[in-house]
Amino acid sequence: MQLQKLVMDPLHAAIREEAFPPCLVVIDALDECKDENATSVILLSLSVFAGRLSPLRFFITSRPVSNVLRGFCDTDLMKDTNALVLHNIPLDISQKDIRVYLEQRLMHIPRSSKLESWPPSDALADC
């Protein structure tokens, strides 16, 4: 009922009013719900409305714990789901992503702190 009242009804009203741009809804750490029933309710609600949620897309993060996996398998969400298992990504790719992230975040520190060259270029070589 909450999904209907808080998401579906406003979404349908907005779509009728004007062109509604595609949006991403992030549900982070679904596995950390204190109440295991909440996980099931969330996934069941999404499966009920999945076909009518356009232009919304959902990005759900979770560890592969049993109640989350069961929630996907017990609903029709699996047919509309692309799963990305992080520990299945080759190590060289994840290391490169981490290095790029660190380089981008750390590049602002020397400017704001008036440092010449920090961190040294070889400092991130092993990331």
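K.L.:
Account for the pattern of salt bridges, with residues named and values stated.
P.N.:
Throughout the structure, instances matching the rule amount to two salt bridges. The salt bridge partner of aspartate 9 is lysine 5, with a shortest N-O separation of 3.9 Å. Placement of both aspartate 9 and lysine 5 in helix H1 (residues 2-17) is noted, with a separation of four residues, approximately one turn of the helix. For aspartate 9, a relative accessible area of 32% puts it in the partly exposed group. One salt bridge in this structure joins aspartate 31 and arginine 63, with 2.6 Å as the shortest N-O distance. Here the residue aspartate 31 occupies a position in the loop between strand E1 (23-27) and helix H2 (36-49), and arginine 63 occupies one in the loop between strand E2 (56-60) and helix H3 (66-73), the gap between them amounting to 32 residues. For arginine 63, a relative accessible area of 51% translates into the label exposed.

K.L.:
Account for the pairing of E1, with residues named and values stated.
P.N.:
Two strands pair when backbone bridges link them, and E1 and E2 are joined in this way by five bridges, in the parallel orientation. Along E2, the bridge assignment pairs valine 25 with phenylalanine 58. On the question of chirality, the crossover connecting E1 to the parallel E2 by way of H2 is right-handed.

K.L.:
Break down the nonpolar core for me, citing the residues and quoting the values.
P.N.:
Membership of the largest hydrophobic core comes to 13 residues, with the highest contact counts inside it found for Leu30, Leu43, Leu46, Phe49, Leu53, Phe72 and Leu77. For this core, the elements supplying multiple residues, two or more each, are H1, H2 and H3. Beyond its immediate sequence surroundings of up to four residues, leucine 46 is in contact with Leu3, Ile27, Leu53, Phe58, Ile60 and Leu77.

K.L.:
Lay out the state of the cysteines with the relevant residues and their values.
P.N.:
This structure, assessed with the given rule, holds zero disulfides. Just so you know, cysteine 73 is unpaired, no disulfide at all, and the nearest cysteine sulfur is the one on cysteine 33, 17 Å from it.

K.L.:
Describe the side chain of threonine 39, with residues and values.
P.N.:
Residue placement: threonine 39 occurs in helix H2. When sequence neighbours within four positions are dropped, the list of residues in contact with threonine 39 reads Leu30, Cys33, Asn67 and Val68.

K.L.:
Talk me through H3; I want residue IDs and the actual numbers.
P.N.:
Buried residues of H3: Asn67, Val68, Gly71 and Phe72, and no others. On an axial view of H3, the arc spanned by its buried residues comes to 135°, and they lie on one face. Exposed side chains of H3 directed beyond 90 degrees from the buried face belong to Ser66 and Cys73. Where H3 is buried, its residues touch H2 and E2.

K.L.:
Go over the side chain of threonine 75, please, and point to the residues and values.
P.N.:
Along the chain, threonine 75 falls in the loop between H3 and helix H4 (91-106). Side-chain polar atoms of threonine 75 contact the backbone oxygen of glycine 71, separated by 3.0 Å. Separated by 3.3 Å, the side chain of threonine 75 and the backbone nitrogen of leucine 77 make a polar contact. The contact partners of threonine 75, leaving out residues within four places of it in the chain, are Leu43, Leu44 and Ser47.

K.L.:
Describe the confidence of the model for the protein chain, with residues and values.
P.N.:
In the predicted model, the protein chain carries a mean pLDDT of 83, and 95% of its residues have values of at least 70. Summarising per-element confidence for the protein chain, the mean pLDDT is lowest in helix H5 (residues 108-113) (75) and highest in E1 (90).

Cut-offs and rules
Residues numbered from 1 in each chain as written. Predicted model: local features only at pLDDT ≥ 70, side-chain atom pairs only at ≥ 80, totals over all residues. Heavy atoms only, no water. Salt bridge = Lys/Arg side-chain N within 4 Å of Asp/Glu carboxyl O. Helix = DSSP H or I, 4+ residues; strand = E, 2+ residues; numbered from the N terminus. Buried < 20%, exposed > 50% of the residue type's maximum accessible area, 1.4 Å probe, protein only. Pairing = 2+ DSSP bridges. Right-handed = clockwise from strand over helix to strand, strands pointing away. Core = buried A, V, L, I, M, F, W, Y, C linked by side-chain atoms within 4.5 Å. Contact = heavy atoms within 4.5 Å. Disulfide = S-S within 2.5 Å. Arc of directions from axis to C-beta. Polar contact = N/O pair within 3.5 Å; in protein donor to acceptor, adjacent residues only side chain to side chain. pLDDT = per-residue confidence, 0-100.

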